[in-house]
Amino acid sequence: MKILIAEDDNLVRKTIEIKLSKDGHEIISLAEGKAAIENINTMLPDMVITDIMLPGASGLEIVSTVKNITSKDIKVIVLSTMGQENIVEEAFKLGADEYITKPFSLTELSIRVKKLMSRV
Amino acid sequence: MNNQQYIDPEALIIFIYIFGGLMVCMILLTFIFLRARKKKWMIKKQLDEIFDNWLGEWILEDLNEDTQLSIPPTLVDTPGNAYSRQYAVDQLINTKKNLIGIAGQNTVWLYEKLGLKKISLDNFHSRQWFLKAKGIYELYMMEQKDMQDELFPYTNSSNEYVRTEAQTAILAFEGFEGLRFFNTLTHPITNWQQIKLMEQLRPLDPPGIFEDMPNWLQSSNPMVVQFALKLAGEYQQFQVLDCVYKCLGSEHPAIREQAIIALVRMGDETSASAIIERYNNETKNNKQTILRSLYHVASTNELPFLLEVYETGDGDTKLLAARAIAHIGPAGMERLAAKGQEQPEPYEQIYLHIKSEIAR
């Protein structure tokens with residue numbers, strides 16, 4: 001499965017990338033929101049994992065972009081921090097499929113990815 | 001004769017030289033500054049790459065005593081590597097803040113294996129308060145529990161930032177036991193720090209009874225009393241109910257306000273009448289707190305008092321009283337409706353406003 005990761009924290013992005021690569025997924029990882037949106041439109045990944053706060057374009061804009069694509073059912077997992085509940089709610093209204101709050105366990109993320117992928 | 005005065009040509013030349021010299025110095029300094037900044041940026045970028053790749057390699061591994069760690073030259077403990085080693089500490093802490101599970105545990109393991117505690121200890125032993133506070137933060141984030149005795153005295157440091165970091169550290173190491181620093185605290189705890197400490201304690205299992213609470217409630221430090229009242233209300237410490245009642249008579253309005261809130265949270269059957277008794281002697285802010293509290297505990301017994309306040313108070317007070325009256329139930333709403341008919345201005349408006357609030 002092709003997964004796009006949009007996360008501005010280098011280490012977090014890198015560790016997610018390593019974990020999901022080990023699980024056998026093809027990973028595209030980006031630190032910037034606008035670049036993520038461009039890549040989503042051109043590469044049509046199977047899943048997007050995005051942080052809420054990103055430079056360039058927010059996680060909400062990414063969710064909205066993904067859910068406006070009608071040719072493919074792309075799943076979205078939103079990464080948030082404590083206190084961002086309202087934004088997460090907004091993300092769900094826009095069509096996000098899952099959310100995970102930082103700090104999170106990579107094993108938990110991996111399980112949620114598998115679970116969502118099984119629904120594709 | 002021409003009396004006009006001219007600048008001495010020699011002085012003009014000297015001035016031009018000095019001005020030119022200054023300009024050259026400024027250009028040189030700007031150049032040096034920009035070069036240093038670029039160099040620092042390049043080093044940071046290189047470090048980013050080296051460290052991210054290196055950490056990414058190890059963070060998900062099953063690390064134990066037998067693991068042979070390959071350390072990049074930039075992270076080896078040498079005097080020239082101080083900047084990169086501090087960068088490594090910052091990055092490990094950032095990772096630990098974002099990840100739990102194996103990755104989170106491995107950050108601590110790597111911190112210890114790389115000998116980065118030395119960096120944090122240097123910060124902690126610094127005379128500069130911001131480095132000391134940073135050092136304390138690093139030590140508790142990296143779970144260096146052996147440091148708790150050395151950190152403890154700083155919970156009462158005269159520097160606010162050092163003090164708050166040390167208090168957070170002691171709670172991180174000891175949980176509720178760490179609240180023992182209240183026994184010796186003579187400096188203030190800001191409201192923000194109080195909120196942070198309460199949040200830090202929230203996920204932990206509380207003890208049934210806080211043994212030291214009677215002492216805290218009688219502390220000479222008003223902010224310790226204030227925080228103890230918050231704890232008493234949050235964790236239902238009925239054994240100190242008498243002390244909480246006594247706090248209603250404190251000379252500090254903030255303590256009295258917290259005592260009102262604590263009493264209502266503890267839900268004693270006499271708490272409503274006790275706070276009503278205080279009403280006339282209270283500050284405006286505390287009067288409003290009493291009315292907000294009565295919203296939660298008032299019954300028909302408190303109706304006469306609330307109706308009196310409703311009639312005599314100012315606009316804000318009337319609204320708070322009306323909310324408490326309405327919350328009593330149908331009897332309260334009937335009284336609000338009757339008052340609205342009897343004297344439409346302003347009571348009918350308030351009644352309609354309360355009705356719309358309830359409908360929402």
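Residues numbered from 1 in each chain as written. Chains lettered and ligands numbered in written order. Predicted model: local features only at pLDDT ≥ 70, side-chain atom pairs only at ≥ 80, totals over all residues. Heavy atoms only, no water.

## Thoughts on the overall build of chain A
The helix and strand inventory of chain A stands at five helices and six strands. Helices (α) and strands (β) of chain A occur, in sequence order from the N terminus, as β-α-β-α-β-α-β-α-β-β-α. Against the globule reference of 14 Å for 120 residues, chain A gives a C-alpha radius of gyration of 13 Å, in line with a compact fold. Long-range pairs, those at least 24 residues apart, make up 61% of the contacts in chain A between residues at least 6 apart in sequence. On chain A, roughly 5,300 Å² of surface is accessible, and the fraction owed to carbon and sulfur atoms is 50%. Here chain A holds 15 positive side-chain charges and 18 negative ones, and the gap between their average locations is 6 Å. (Helix = DSSP H or I, 4+ residues; strand = E, 2+ residues; numbered from the N terminus. Rg over C-alpha atoms; globule rule 2.2 N^0.38 Å. Contact = heavy atoms within 4.5 Å. Areas by Shrake-Rupley, 256 points an atom, 1.4 Å probe, with all protein chains shown as cover. Lys, Arg positive; Asp, Glu negative; His and termini not counted. Charge placed at Lys NZ, Arg CZ, Asp CG, Glu CD.)

## With respect to the packing of aromatic side chains
One pass over the structure, following the stated rule, counts 16 aromatic pairs over all chains. Measuring from centroid to centroid gives 5.9 Å for Phe92(A) and Tyr99(A), while their planes differ by 90 degrees, and the two rings are edge-to-face. The partly exposed category is assigned to Phe92(A), whose relative accessible area is 34%. Note on Phe181(B) and Phe182(B): the rings are 4.7 Å apart at their centroids and 40 degrees apart in plane angle, and the pair reads as tilted. The same class applies to Phe181(B) and to Phe182(B), which are both buried. In this arrangement the basic side chain of Arg180(B) is found over the ring face of Phe152(B), its NZ or CZ atom lying 4.1 Å from the centre. (Phe/Tyr/Trp six-rings, centres within 6.5 Å; stacked < 30°, edge-to-face > 60°. Buried < 20%, exposed > 50% of the residue type's maximum accessible area, 1.4 Å probe, protein only. Lys NZ or Arg CZ within 6 Å of the ring centre and 35° of its normal.)

## A few points about the side chain of Asp48(B)
Secondary-structure assignment places Asp48(B) in helix H1 (residues 9-58). For Asp48(B), a relative accessible area of 15% puts it in the buried group. Setting aside chain neighbours within four positions, we find Asp48(B) in contact with Asn10(A), Tyr87(B) and Gln91(B).

## Here we look at the UniProt feature "transmembrane region" (unreviewed entry) in chain B
Per the UniProt record, the feature "transmembrane region" (unreviewed entry) sits at residues 12-34 of chain B. Along residues 12-34 of chain B one finds 100% helix and 0% strand; the C-alpha atoms at either end are 33 Å apart. (UniProt positions renumbered as here; feature names shortened; annotations may be inferred.)

## Details of a nonpolar patch on the surface
Nonpolar side chains collect at one region of the surface, where Ile7(B), Leu12(B), Phe15(B), Ile16(B), Phe19(B) and Met23(B) lie side by side and expose about 640 Å² of accessible area between them. On the accessibility criterion, Phe19(B) (49% relative accessible area) is partly exposed. (Patch = residues over 30% accessible without salt bridge, like charges linked within 9 Å, V, L, I, M, F, W, Y side chains within 5 Å. Salt bridge = Lys/Arg side-chain N within 4 Å of Asp/Glu carboxyl O.)

## Examining the interface of chain A and chain B
Taken together, the 14 residues of chain A in the interface contact 19 residues of chain B. With both sides pooled, the region where chain A packs onto chain B buries about 1,400 Å², and carbon together with sulfur makes up 63% of that total. Counting across the chain A and chain B interface gives one salt bridge. Put simply, Glu61(B) and Lys22(A) hold a salt bridge, and the shortest N to O gap is 3.6 Å. Linking chain A with chain B are five residue pairs in polar contact (both at pLDDT 80 or more). Elements supplying a minimum of two residues to the side of chain A that touches chain B: helix H1 (10-22) and strand E6 (104-105) of chain A. Element by element, the count of residues in the side of chain A that touches chain B is highest for H1(A), at eight residues. (Buried area = accessible area lost by both parts, 1.4 Å probe. Polar contact = N/O pair within 3.5 Å; in protein donor to acceptor, adjacent residues only side chain to side chain.)

## A closer look at the layout of surface pockets
A water-sized probe rolled over the atoms picks out the places where empty space is left. The computed volume of the largest pocket comes to approximately 1,000 Å³. Grouping the amino acids of the lining of the largest pocket by side-chain chemistry returns 14 nonpolar, seven polar and seven charged. (1 Å grid on protein atoms, 1.4 Å probe; cavity = no way out; pocket = protein on both sides within 12 Å on 5 of 7 lines; lining within 4 Å. Points joined across faces, edges and corners; volume = space filled by probe spheres on them. Nonpolar A, V, L, I, M, F, W, Y, C, P; charged D, E, K, R; others polar.)

## Here's the deal with the packing of helix H12 (residues 253-266) of chain B against helix H13 (residues 271-278) of chain B
All names here are of chain B. Look at H12 against H13: their axes get within 9 Å of each other, and the N-to-C directions meet at 160 degrees. One way to sum up the angle between H12 and H13 is to call them roughly antiparallel. Here the hand of the crossing between H12 and H13 comes out left-handed. Here Arg256, Ile260, Leu263 and Val264 of H12 lie close against H13, whose contacting residues are Ser271, Ile275 and Arg278. The residue makeup of the contact of H12 with H13, split by class, is four nonpolar, one polar and two charged. (Axes fitted to C-alpha atoms, helices over the stretch in contact; angles between N-to-C directions. Parallel < 35°, antiparallel > 145°, perpendicular 65-115°, else oblique. Left-handed = near helix turned anticlockwise from the far one by under 90°.)

## Notes on helix H18 (residues 344-359) of chain B
Because each turn of an α-helix spans 3.6 residues, side chains separated by three or four positions in sequence point in the same direction. All names here are of chain B. Between its first and last C-alpha, H18 extends 21 Å over 16 residues, near the 22 Å set by a 1.5 Å rise per residue. Among the residues of H18, Tyr347, Ile350, Tyr351 and Ile354 are the ones counted as buried. One side of H18 carries all its buried residues, which in axial view fall inside an arc of 100 degrees. For H18, the exposed residues set more than 90 degrees away from the buried face come down to Glu345, Gln349 and Ala359. Packed against the buried residues of H18 are helix H15 (303-312), helix H16 (315-328) and helix H17 (330-342). (Expected span 1.5 Å × (residues − 1). Arc of directions from axis to C-beta.)

## A word on the UniProt feature "modified residue: 4-aspartylphosphate" (unreviewed entry) in chain A
Residues and elements named next belong to chain A. Annotation from UniProt places "modified residue: 4-aspartylphosphate" (unreviewed entry) at Asp51. Tracing the backbone shows Asp51 in strand E3 (residues 47-51). Residues within four places of Asp51 in sequence aside, it is in contact with Ala6, Glu7, Asp8, Gly59, Leu79 and Lys102.

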